[in-house]
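Chain by chain, the residues:
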Amino acid sequence: MKRPITAALAVVGYVIMIVPIIFVVSTAFTSGSVLRFPPDGFSLRWFGAALGYEPFMEAALSSLQLAVLATLLALLVGVPVTLAIHRGRLPGKGLVEGLFLSPLIVPELVVGLALYQQLMVGLGLDNFSTLLAGHTALMLPYAVRVTGASLALADPALEEAARGLGASPLRAFFGVTLPMLRPGIFSAGLLSLVTSFNNVPLSLLLQGRDFRTLPVTMLDYVQQSYDPMVAAASTLILAATVVIAMVAERTVGFAKIFGGIDP
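Residues numbered from 1 in each chain as written. Predicted model: local features only at pLDDT ≥ 70, side-chain atom pairs only at ≥ 80, totals over all residues. Heavy atoms only, no water.

Draft legend 1. The arrangement of the overall build of the protein in detail. The secondary structure content of the protein amounts to twelve helices and zero strands. The buried share among the 263 residues of the protein stands at 37%. Total accessible area computed for the protein in this model is approximately 15,200 Å², and 70% of it derives from carbon and sulfur atoms. (Helix = DSSP H or I, 4+ residues; strand = E, 2+ residues; numbered from the N terminus. Buried < 20%, exposed > 50% of the residue type's maximum accessible area, 1.4 Å probe, protein only. Areas by Shrake-Rupley, 256 points an atom, 1.4 Å probe, with all protein chains shown as cover.)

This is the structure:
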């Protein structure tokens, strides 16, 4: 009985995830002027409208800038923390790891409110700096967890052998440890980049008038207009995500990227 129930639940889950995507994508190709399913004819004009809409393009560049910076900062912090947890003699390793994984548990609005009170009100930081700190904090669990999975699969004897042959700790890291961590670092960066780019709750709370992200700009547009341009923009984002996934599969492979992460 377990297998039929599991299969039925899997089908229901796929339907819940895929059907809304089908509605949005099909609506993006409509020739009509309003969001409607089934769409009125076939046209690409809303894709041209989305790509030519200046607020969307400016917000997309802002989101990409924020996502890249947050991902780099998260990796710069997360990789050394991962090494300290798995290979170092760090006291309270479980507590430290739990601290860096806590942004997955704490609601983003709570994180955003805390950052607003402490950084913007308390320290007087601007919106972009506070938003960057928030996105970096949200990306840290990916850096620690995913690179930690790759490090757990790596053979520590290889690094010890390099040290035994006279390699300095720095050379052993760049020559042996870092290549073993490369799939994890790549996958953590990929997940962080996509997650940061598509973030809404934290960005909605912390962004200002001078810096606006694409998802929040699209949300504002939906509240004012009912045309399919947002559906076209969403389809373009979906297509970009699929391309990124295909590049990841061809360069590293999903088995290497996600194989070390236990459910």
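Once the structure has been displayed, the description carries forward.
Draft legend 2. Structural context of the pattern of salt bridges. The full count for this structure, using the stated rule, is one salt bridge. Arg 212 is paired through a salt bridge with Asp 220; the nearest N and O atoms lie 2.1 Å apart. Arg 212 sits in the partly exposed class, given a relative accessible area of 31%. Asp 220 sits in the partly exposed class, given a relative accessible area of 22%. (Salt bridge = Lys/Arg side-chain N within 4 Å of Asp/Glu carboxyl O.)

Draft legend 3. How the structure looks around the packing of helix α3 (residues 54–86) against helix α4 (residues 93–101). In contact at an axis separation of 10 Å, α3 and α4 are set at 155° when each is read in the N-to-C sense. In this view, α3 runs roughly antiparallel relative to α4, as classed from their interaxial angle. The hand of the α3/α4 crossing is left-handed. Counted together, Val 77, Val 81, Ala 84 and Ile 85 of α3 and Lys 93, Val 96, Glu 97 and Phe 100 of α4 form the full contact between these two elements. Among the residues making up the contact of α3 with α4, the classes are represented as six nonpolar, no polar and two charged. (Axes fitted to C-alpha atoms, helices over the stretch in contact; angles between N-to-C directions. Parallel < 35°, antiparallel > 145°, perpendicular 65-115°, else oblique. Left-handed = near helix turned anticlockwise from the far one by under 90°. Contact = heavy atoms within 4.5 Å. Nonpolar A, V, L, I, M, F, W, Y, C, P; charged D, E, K, R; others polar.)

Draft legend 4. Region of interest: helix α5 (residues 108–122). For α5, with 15 residues, the first-to-last C-alpha span of 19 Å sits near the 21 Å given by 1.5 Å per residue. The principal kink in α5, of about 30°, is found at Tyr 116. Restricting attention to buried positions, one finds in α5 the residues Val 111, Gly 112, Leu 115, Leu 119 and Met 120. With its phi angle positive at about 75°, Gly 124 sits one or two positions after the end of α5. (Expected span 1.5 Å × (residues − 1). Bend = angle between axes of the 7 residues up to and from the residue.)

Draft legend 5. Looking closely at the environment of Tyr 142. With respect to the helices and strands, the residue Tyr 142 is situated in helix α6 (residues 127–153). Considering only alpha carbons, one finds Tyr 142 and Ala 188, 46 residues apart in sequence, at a separation of 5.3 Å. Those residues within four positions of Tyr 142 in sequence are excluded, and the remaining contacts are Thr 147, Ala 188, Leu 191, Ser 192 and Thr 195.

Draft legend 6. Looking closely at the layout of surface pockets. Counted as a void, the largest pocket has a volume near 370 Å³. Lining the largest pocket are 18 residues, with Ala 60, Phe 197, Leu 214, Ile 237 and Ala 240 positioned closest to its centre. When residues of the lining of the largest pocket are traced back to their parent elements, those giving at least two are α2 (45–52), α3, α8 (169–197) and α11 (229–251). Top element by residues in the lining of the largest pocket is α11. It accounts for six residues. Taken together, the residues of the lining of the largest pocket break down into 16 nonpolar, two polar and no charged. (1 Å grid on protein atoms, 1.4 Å probe; cavity = no way out; pocket = protein on both sides within 12 Å on 5 of 7 lines; lining within 4 Å. Points joined across faces, edges and corners; volume = space filled by probe spheres on them.)

Draft legend 7. How the structure looks around the packing of aromatic side chains. Following the criterion strictly, the structure yields six aromatic pairs and no others. Ring geometry for Tyr 53 versus Tyr 221: centroids 5.4 Å apart, planes at 65°, classification edge-to-face. With Tyr 53 in the loop between α2 and α3 and Tyr 221 in helix α10 (residues 214–224), this residue pair connects regions lying 168 residues apart in the sequence. Look at Tyr 53 and you get partly exposed, because its relative accessible area is 28%. A residue is classified by how much of its surface remains accessible, and Tyr 221, at 11% relative accessible area, is buried. Taken together, the aromatic side chains of Phe 29, Phe 42 and Phe 47 make up a single cluster linked through ring pairs. (Phe/Tyr/Trp six-rings, centres within 6.5 Å; stacked < 30°, edge-to-face > 60°.)

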